[in-house]
Amino acid sequence: QVQLVESGGGLVQPGGSLRLSCAASGSTFRLYTMGWYRQAPGKQRELVAGITSGGSTNYTDSVKGRFTISRDNNKNTVYLQMNSLKPEDTAVYYCNAARSRPWREYDYWGQGTQVTVSS
């Protein structure tokens, strides 16, 4: 069982920056692919950025060049640095931990943190 706790959300003006953090419990954090998802009102949850256990990253097109995902396995924490924020980035941001094994899929979610971009 992995528990995820997000922090760092808030209200920011357009063009501003925020850094989200997701702290994970347990001793196997390094084995999980970590992802940041977001869900805006009336929209489906979407993957924003992901980072594998080996450190490979991927981003949705709308955040490329503005957002950076990283992980610190010593601290069991994954980060999302968000720069040049736009009103359309407003959403609840969720942290996800996933790991595929032959006998089952492991999939855990945090409670979410609100990000609001508005002047």
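Now for a description of the structure that goes with this document. Predicted model, so just to flag it, every value in this text is computed and none were measured.

1. Regarding the pairing of strand β7 (residues 67-72)
Moving on, step 1. Burial of the side chains of β7 is restricted to one face: Phe67, Ile69 and Arg71 are buried, whereas none of Thr68, Ser70 and Asp72 on the reverse face is.
Moving on, step 2. Two elements, β7 and strand β8 (residues 77-82), share six bridges in a ladder whose sense is antiparallel. Of the residues in β8, the one forming a bridge with Phe67 is Met82.
Moving on, step 3. Between β7 and β8, which pair antiparallel one after the other, the connecting turn spans four residues, and Asn76 there sits at a positive phi close to 55°.

2. A word on the packing of aromatic side chains
Moving on, step 1. Taken as a whole and assessed by the stated rule, the structure comprises two aromatic pairs.
Moving on, step 2. Pairing Tyr32 with Tyr108 gives two aromatic rings, centres 6.2 Å apart and planes at 55°, and the pair type is tilted. Of this pair, Tyr32 sits in the loop between β3 (18-24) and β4 (33-39) while Tyr108 sits in strand β10 (residues 105-109), and the two are 76 residues apart along the sequence.
Moving on, step 3. Pairing Tyr37 with Trp109 gives two aromatic rings, centres 4.8 Å apart and planes at 65°, and the pair type is edge-to-face. Of this pair, Tyr37 sits in strand β4 while Trp109 sits in strand β10; the two residues are 72 residues apart in sequence, bridging distant segments of the chain.
Moving on, step 4. According to the relative accessible area criterion, Trp109 is partly exposed, its value standing at 35%.

Calculation criteria
- Residues numbered from 1 in each chain as written.
- Predicted model: local features only at pLDDT ≥ 70, side-chain atom pairs only at ≥ 80, totals over all residues.
- Heavy atoms only, no water.
- Buried < 20%, exposed > 50% of the residue type's maximum accessible area, 1.4 Å probe, protein only.
- Helix = DSSP H or I, 4+ residues; strand = E, 2+ residues; numbered from the N terminus.
- Pairing = 2+ DSSP bridges.
- Phe/Tyr/Trp six-rings, centres within 6.5 Å; stacked < 30°, edge-to-face > 60°.

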